[in-house]
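Results of the structural survey
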Amino acid sequence: QEAIDSVSIQHNIIIISEIFKSIKIDRLSQIVGDSPINVESQLRKMIKNHTIEALIDQPKRVVTFDNDKENDSQDKNLLKFCDKVSEIVNIIQP
């Protein structure tokens, strides 16, 4: 049961990391339904394992997620798509 709870918390943290740029650990723990101590422990494991990119500001009790890498990847994919469309248009046009 403990392993299932851990996976569930980690999944929820990943979803929240996609929505928020930063969030207080106390608020994050309310959302995922676990204690702030356990949520912070899960965050540390996820950061160490590179499951998420984030920084924990201990004095402020805030976690800041690094979402820019995902956006860069999406931008690159969009550029590749546009390049392909452009190539097709050039082939079709005389």
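An account of the accompanying structure is given in this report.

What counts, and at which threshold
Residues numbered from 1 in each chain as written. Predicted model: local features only at pLDDT ≥ 70, side-chain atom pairs only at ≥ 80, totals over all residues. Heavy atoms only, no water. Helix = DSSP H or I, 4+ residues; strand = E, 2+ residues; numbered from the N terminus. Buried < 20%, exposed > 50% of the residue type's maximum accessible area, 1.4 Å probe, protein only. Contact = heavy atoms within 4.5 Å. Lys, Arg positive; Asp, Glu negative; His and termini not counted. Charge placed at Lys NZ, Arg CZ, Asp CG, Glu CD.

1. Quick word on the overall build of the chain
Along the chain, the regular secondary structure elements total 4 helices and 3 strands. Tracing the chain from N to C terminus, the helices and strands come up as α-β-α-α-β-β-α. Principal axes of the C-alpha set define a box for the chain whose edges measure 65 × 30 × 20 Å. Taking all 94 residues of the chain together, the buried fraction comes to 21%. Put simply, of all contacts in the chain between residues at least 6 apart along the chain, 50% involve residues at least 24 apart. If the 12 positive side-chain charges of the chain are averaged to one point and the 15 negative ones to another, these points end up 4 Å apart.

2. A word on the side chain of Ser-29
Secondary-structure assignment places Ser-29 in helix H2 (residues 25-32). With a relative accessible area of 5%, Ser-29 lands in the buried category. Excluding anything up to four places from it in sequence, Ser-29 contacts Asp-34, Ser-35, Pro-36 and Val-39.

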